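Observations on the model geometry
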Amino acid sequence: MKSNVFQVLKAVLAAILISLIFVLVFTLIIQIFTLPIDIVKPINQVFKVLAIAAGGLLFIRGEKGLIKGAIYGALAVICTYLVFSLLSLSFELSWKFLLELLIGAVAGGISGVISVNIKNNA
């Protein structure tokens with residue numbers, strides 16, 4: 001049980017750090033090139049899913065990959081939302097946040113299943 005909690009926490013921290021790196025790099029790209037503003041949110045969503053997938057692949061092990069992954073995916077969405085809300089000094093919840101939670105849980109669940117199966121077969 002204790003190792004499951006640590007796996008989830010490490011995966012959440014990895015997802016947050018990877019998200020921050022993606023956002024920093026994307027911000028630099030936006031400043032260098034002229035990009036339409038309407039592509040920012042979809043690209044940020046892709047980055048969030050990729051960060052969640054990477055965190056799961058790095059740290060989810062053992063059994064119950066779907067459950068651990070879904071929990072960590074949802075927690076990663078909540079934590080990244082809080083971090084970016086603090087950075088922008090703006091805290092606003094909407095129905096879109098619930099959709100992000102669902103997407104994060106699905107991405108985490110899928111990456112958790114893949115992760116435990118790769119590590120079990122390796």
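Keep in mind that this is a model prediction, so the values were computed, not measured.

What to know about the side chain of serine 115
Within the secondary structure, serine 115 is located in helix H4 (residues 95-121). In terms of polar contacts, serine 115 uses its side chain to reach the backbone carbonyl oxygen of glycine 56, at 3.2 Å. Apart from the residues within four sequence positions on either side, serine 115 is in contact with Gly56, Leu57 and Ile60.

Describing helix H1 (residues 2-32)
Taking 1.5 Å per residue, 31 residues should reach 45 Å; H1 reaches 45 Å between its end C-alpha atoms and fits that length. For H1, the complete set of buried residues consists of Gln7, Val8, Ala11, Val12, Ala14, Ala15, Ile16, Ile18, Ser19 and Phe26. Lining the buried residues of H1 we find helix H2 (40-59) and helix H3 (65-88).

Examining the packing of aromatic side chains
How two aromatic rings sit relative to each other is set out by the distance from centre to centre and by the angle between their planes. Overall, the coordinates contain four aromatic pairs when judged by the stated rule. For the pair phenylalanine 26 and phenylalanine 47, a centre-to-centre distance of 5.6 Å together with 80° between the ring planes defines the contact as edge-to-face. Of the two residues, phenylalanine 26 is situated in helix H1 and phenylalanine 47 in helix H2; the sequence distance between them amounts to 21 residues. When its relative accessible area of 6% is taken as the criterion, phenylalanine 26 is described as buried. Taking relative accessible area as the criterion, phenylalanine 47 reaches 18% and is therefore assigned buried. Each member of the aromatic cluster is reached from another via a ring pair, and the members are Phe22, Phe26 and Phe47.

Considering H2
Compared with the 28 Å implied by 1.5 Å per residue over 20 residues, the 29 Å span of H2 between its first and last C-alpha is a close match. Buried residues of H2: Val40, Phe47, Lys48, Ala51, Ile52, Gly55 and Gly56, and no others.

Examining the confidence of the model for the protein
Close reading of the predicted structure is inappropriate where its pLDDT is low. Looking at the protein as a whole, the pLDDT averages 87, with 97% of positions reaching at least 70. Looking across the protein, the model is least confident in H4, with a mean pLDDT of 87, and most confident in H3, with 90.

A word on a nonpolar patch on the surface
Taken together, the side chains of Val49, Leu57, Trp95, Leu99, Leu102, Ile103, Val106, Ile110, Ile114 and Ile118 present a nonpolar region at the surface, about 910 Å² in accessible area. Only H2 and H4 provide two or more residues apiece to the nonpolar patch. In terms of residue count, H4 provides more of the nonpolar patch than any other element does, eight residues in total. Summarising the element assignment, valine 106 is placed in helix H4. For valine 106, a relative accessible area of 44% translates into the label partly exposed.

Calculation rules
- Residues numbered from 1 in each chain as written.
- Predicted model: local features only at pLDDT ≥ 70, side-chain atom pairs only at ≥ 80, totals over all residues.
- Heavy atoms only, no water.
- Helix = DSSP H or I, 4+ residues; strand = E, 2+ residues; numbered from the N terminus.
- Polar contact = N/O pair within 3.5 Å; in protein donor to acceptor, adjacent residues only side chain to side chain.
- Contact = heavy atoms within 4.5 Å.
- Expected span 1.5 Å × (residues − 1).
- Buried < 20%, exposed > 50% of the residue type's maximum accessible area, 1.4 Å probe, protein only.
- Phe/Tyr/Trp six-rings, centres within 6.5 Å; stacked < 30°, edge-to-face > 60°.
- pLDDT = per-residue confidence, 0-100.
- Patch = residues over 30% accessible without salt bridge, like charges linked within 9 Å, V, L, I, M, F, W, Y side chains within 5 Å.
- Areas by Shrake-Rupley, 256 points an atom, 1.4 Å probe, with all protein chains shown as cover.
- Salt bridge = Lys/Arg side-chain N within 4 Å of Asp/Glu carboxyl O.

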